[in-house]
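Below, each chain spelled out in residue letters.
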Amino acid sequence: MKMKKKIISLLLLMFVVVSMFTFVSVADENEEIKNVPPLGRYSEAVNTLAAIGIVQGENFDVSSPVTRGEFVGAVVKMCGVENILLPCDTEFSDVKKDYPNSGAVNFAYQMGIVNGFGDGTFGKDKILTKEQAASILVKLLGYEPYAAAYGGYPSGTLSVAAMQGVLKNVVIGDFAECTWGDAAQLIFNAMKTDVLRTKSYPESSYYTVEGENPMTLWMGIHKTNGVISSNDVTAYNGASVAEDGKITIDNVQYEDNGTGAFNYVGYPIKGYYSVDDNNRKLLCFSPDNSVREEYISAENIDGKTNVNSVVWYDENNLRKSMDISGCTVIYNGKLLETPLTEGELKPASGELRLVDTNGDKKAEIVYINSYDVMIVKSVRAAGGIITDKSLDKDGYAKTLKLDLKDGSLKYRIIKDGEEITIDKIKENNVLYVSKSKDGSFINITASSDRLKATVREIGDGEITLDNDTYKVISSAEGEIKKLRPGERATFYFTPDGKIAGYNSSVSSADLQYGYIIVGSIDMKGINA
């Protein structure tokens, strides 16, 4: 079974690497999520198109063939007219008003972008070839006269498409079927290609204007490159903290807009944004190609780690190290203004993210995420109180209290990849809770993932349920080992796919939760 992964933005690269398993969601225990291949080399194209609404990102299957009708439906969205295209009967016998992409096919035909077949059909359900896809895009971009001059379809079309970069990252030839991965890449390339214009006076000629492409001309989308220098909590390299809900890229503020860019302070990035009432809204972004990252779980950090070098073991149990001398440290979401200590580099629970921003194999930025784990018993949203199912040493329920009236306190809650309010946290959600050194920022990452399964085998730090093996958080190992093979239970997962607890009884009076909170949350300056 594969775990449900929500794509929240384009190139939205989350802190944690989520294991690919299907979990039973809280809303529907019978829900099964389709297993699809990884995006691979098409990831930037697919994620970008998903963020701006050209394709559906969730469960996008790059290997699935695309039909002619589906491709035209996606391509026309580049023209910025999809909101005014109404279903209609067309010139083609197989494209009637009841076909979802009838308006798009009609528009493309009227604009001379597509043609049909001799029998009067468009072939809406025929599998598209890559050559046909290239032809549609070359016509859309205005380069058909150049294609004709180079010999027409297909050789002239492909020559022009290649020269303009439309075929980048796509292998083409022999009229092979076009997959959705190919289609996304072709559309992504075309979206950034300058449109060919015609000038009739004083004589007929063709020209382009740099930067005038389908994104900027028809979709109102612009590109930005630069360093994310701040978010609304912290700032990097002398920048000012941004306004609420915004990030700063080279001194210009943008709405984060659910992209997750606030997690990438200090990164050089490339992104896309729109402008609404003079407000720049980030649509998607990705780290620059020069950026290299290492994500290191707390349990894999070697004891030889110090303030000049991080030493760890990778997934193959190979020992690695990276120079971090002189690095900038962001501790639990906020710039660390005190000297870095070895203890801070070795959290009991959490992870390190080492960021090499320029490819010199040295980390210029180190993100430290040190958190406590909670399994939610109850939430009092009005009072900002979350109660844990574990007890402290005195037998009292542990609680996290957020002073919602304290204007100096900022907190962010992310659940299943989306930012939420505190009332959306529910019983049995598993929380990672981290707090900045000065207590002014609290980050809560929540997971609702759970799985009903039968225990097959229990090992050190892991458990096999049905046919899959999962890691167990260290504080839960003792309780997990009380289970026996053949026993069936509901297991609750952390945001990064580890088991935090379980419920092995139908009777609520006999519920067992196999977890212990690691450490405790310091409430100083946070309590209501």
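Everything discussed here concerns the structure shown above.
Definitions and limits used
Residues numbered from 1 in each chain as written. Predicted model: local features only at pLDDT ≥ 70, side-chain atom pairs only at ≥ 80, totals over all residues. Heavy atoms only, no water. Salt bridge = Lys/Arg side-chain N within 4 Å of Asp/Glu carboxyl O. Helix = DSSP H or I, 4+ residues; strand = E, 2+ residues; numbered from the N terminus. Buried < 20%, exposed > 50% of the residue type's maximum accessible area, 1.4 Å probe, protein only. Pairing = 2+ DSSP bridges. Contact = heavy atoms within 4.5 Å. Polar contact = N/O pair within 3.5 Å; in protein donor to acceptor, adjacent residues only side chain to side chain.

1. What about the pattern of salt bridges?
Under the defined criterion, the tally for this structure stands at 18 salt bridges. With a shortest N-O distance of 3.6 Å, lysine 130 and aspartate 182 are connected by a salt bridge. Placement of the pair is lysine 130 in helix H4 (residues 130-140) and aspartate 182 in helix H7 (residues 180-191), with a sequence separation of 52 residues. Each of the two residues, lysine 130 as well as aspartate 182, counts as buried. For arginine 319, the salt bridge is made with aspartate 302, and the minimal N-O distance between the two is 3.7 Å. Of the two residues, arginine 319 is situated in strand E10 (residues 319-323) and aspartate 302 in the loop between strand E8 (292-297) and strand E9 (309-313); the sequence distance between them amounts to 17 residues. Aspartate 302 sits in the buried class, given a relative accessible area of 14%. Among the charged side chains, a salt-bridge network with shared partners connects Asp232, Arg412 and Glu419.

2. A word on the pairing of strand E19 (residues 430-435)
Most of E19 sits inside the fold, with 6 of its 6 residues counted as buried. Residues Val430, Tyr432 and Ser434 point to one face of E19 and Leu431, Val433 and Lys435 to the other, with burial holding for every one of them. Pairing analysis gives 5 bridges linking strand E14 (residues 365-380) to E19, with the strands arranged antiparallel. Note on E19: the bridge partner recorded for valine 373 is tyrosine 432. Sheet topology places E19 next to strand E20 (residues 441-447); 6 bridges connect them, and they run antiparallel. Among the inter-strand pairings, valine 430 is bridged to a residue of E20, identified as serine 447. Connecting the antiparallel pair E19 and E20 is a turn made up of 5 residues, with glycine 439 showing a positive phi of about 75°.

3. Focus on the pairing of strand E16 (residues 397-401)
By the alternation rule, side chains of E16 split into Lys398 and Leu400, which are all buried, and Ala397, Thr399 and Lys401, of which none is buried. With 4 bridges joining them, strand E15 (residues 385-391) and E16 adopt antiparallel strand pairing. Considered in E16, the bridge of isoleucine 386 is made with leucine 400. Two successive antiparallel strands, E15 and E16, enclose a turn made up of 5 residues, where glycine 395 displays a positive phi of approximately 90°.

4. Some points on helix H1 (residues 43-51)
Among the residues making up H1, those that are buried are Ala45, Val46, Asn47, Thr48 and Leu49. Contact partners of the buried residues in H1: H7, strand E6 (268-276) and strand E7 (279-287). Backbone geometry just after H1 places glycine 53 at a positive phi near 85°.

5. Let's talk about the side chain of serine 436
Mapped onto the secondary structure, serine 436 falls in the loop between E19 and E20. Polar contacts involving the side chain of serine 436 include one to the side chain of aspartate 438, which spans 2.8 Å. For serine 436, the contacting residues outside a window of four places in its chain are Tyr331, Asn332, Lys334 and Phe441.

6. Examining unusual backbone geometry
Note the cis peptide between tyrosine 153 and proline 154, where omega equals 5°. Locating proline 154 in the fold gives a position in the loop between helix H5 (144-149) and helix H6 (155-163). Phi at phenylalanine 175 is positive, roughly 55°, even though this residue is not glycine. Looking at where phenylalanine 175 falls in the secondary structure, it is placed in the loop between H6 and H7. Here aspartate 466, not a glycine, exhibits a phi torsion of approximately 55°, which is positive. Turning to its location among the elements, aspartate 466 is positioned in the loop between strand E22 (462-465) and strand E23 (468-471).

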